[in-house]
Amino acid sequence: RSTTILQRAYETGAILSRVTRMPIGPGSNGMKIPAIDETSRANSSRFGGIVSTWVGQGTSVTAGKPKFRELDMKLRKLMATVYATDEQLADSIALEAWVNQNLPKELTFRAEDAVVNGTGDSQPFGVLNSPALLSITRAVASRIGYDDVAGMWKRMWAPSRMNAVWFVDQSVEQDLESMSIPVGTGGGLVPPTIYRPAGTLPGQRYATIYGRDVIPVEYCANLGTVGDIILVDLSEYIVIDKGGVEQAVSMHVAFLTDEQVFRFIYRVDGQLTWNVALTPKSGGSTLSCVTATAT
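Scoring rules and cut-offs
Residues numbered from 1 in each chain as written. Predicted model: local features only at pLDDT ≥ 70, side-chain atom pairs only at ≥ 80, totals over all residues. Heavy atoms only, no water. Phe/Tyr/Trp six-rings, centres within 6.5 Å; stacked < 30°, edge-to-face > 60°. Helix = DSSP H or I, 4+ residues; strand = E, 2+ residues; numbered from the N terminus. Buried < 20%, exposed > 50% of the residue type's maximum accessible area, 1.4 Å probe, protein only. Lys NZ or Arg CZ within 6 Å of the ring centre and 35° of its normal. Salt bridge = Lys/Arg side-chain N within 4 Å of Asp/Glu carboxyl O. Patch = residues over 30% accessible without salt bridge, like charges linked within 9 Å, V, L, I, M, F, W, Y side chains within 5 Å. Areas by Shrake-Rupley, 256 points an atom, 1.4 Å probe, with all protein chains shown as cover.

**Q** Pulling in residues and values, what's your account of the packing of aromatic side chains?
**A** To describe a pair of aromatic rings, one takes the distance between the centres and the angle between the planes. Summed over the entire model, instances satisfying the criterion amount to four aromatic pairs. Summarising the aromatic geometry, the rings of W153 and Y210 are spaced 4.7 Å apart at their centres and angled 10° between planes, so their arrangement reads as stacked. Here Y210 lies in the loop between β10 (207-209) and β11 (212-216) and W153 lies in helix α4 (residues 146-155), a separation of 57 residues in the sequence. For W153, a relative accessible area of 13% gives the class buried. With centroids separated by 5.5 Å and ring planes inclined at 65°, the aromatic side chains of W157 and W274 adopt a geometry described as edge-to-face. Of the two residues, W157 sits in the loop between α4 and α5 (158-161) while W274 sits in the loop between β15 (259-272) and β16 (290-293), which places them 117 residues apart along the sequence. As far as the burial class goes, W157 and W274 line up, both buried. Site record: aromatic cluster; members linked through ring pairs are W153, W166 and Y210. The aromatic ring of Y10 is capped on one face by R21, whose charged end is 4.3 Å from the ring centroid.

Given below as structure tokens:
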């Protein structure tokens, strides 16, 4: 079992490096994690229903019974194969270097794509399919503008903003760079101050919106489709895995072509800890740890 391959996947992945990872031990095929069943931040509803009261003399206290739910996570199997010829096997050091360089990239791609788009059927449950997702109606069809990102930021639960990151498809970048807002009654436009291109400040690696990184990834949808831009707090996304990648080799699969096949298996599952958007204490629009623009 290789822990090095998995370590590289988590170190280099823009998404995997931000999730909450929980490796599980041998002999276990999953994990049941207790979670608070919280739908509202109103008094007597927070944290699943903890009841608290300012108590005066002779005041009776109302009993509360918090509600909990269970995250039932089962390991899913992600498999990759590498065929190697006799010539490649003759230089095993070069083959090992190639596998160590490229296999983590493939595992990273498939695992991160599932974190975003996974259906929960034989793969992790992605944030875009979560019932906690809030879809913001676009101001202009098939575009991203100031009103869209402002609406997404408005619906992001405030405690999650400090960890939230914007993930975008590259097709969205031009719209972000040219964002403008109407000013006055003359129809003039001014650029909003919420967007800062990469390199605006020394050492700034990514562009930012509201001070949070804007990271282009291949897992987002093309401009105009839900998921072309996502704002998400991935610390609220739980990933369980076996803590390593299983490796095996066979000379029989491709015996007639004189090749050996290397098989790699990564067992993993993941989902958001949220199962619904929250109603804030003040009432009004619901809030969540993940928001996106509607198609």
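Don't stop here, the text continues.
**Q** Can you lay out the pattern of salt bridges for me, pointing to particular residues and giving the numbers?
**A** Following the criterion strictly, the structure yields six salt bridges and no others. When the shortest N-O distance is used, the salt bridge between K74 and D72 registers 3.9 Å. Take K74: its relative accessible area is 40%, and that puts it in the partly exposed class. Take D72: its relative accessible area is 38%, and that puts it in the partly exposed class.

**Q** Residues and numbers for a nonpolar patch on the surface, please.
**A** A contiguous nonpolar patch, built from I36, F47, I50 and F68 and spanning about 410 Å² of accessible area, is present on the exposed surface. Summarising the element assignment, F68 is placed in strand β3 (residues 68-74). Classification of F68 as exposed rests on a relative accessible area of 58%.

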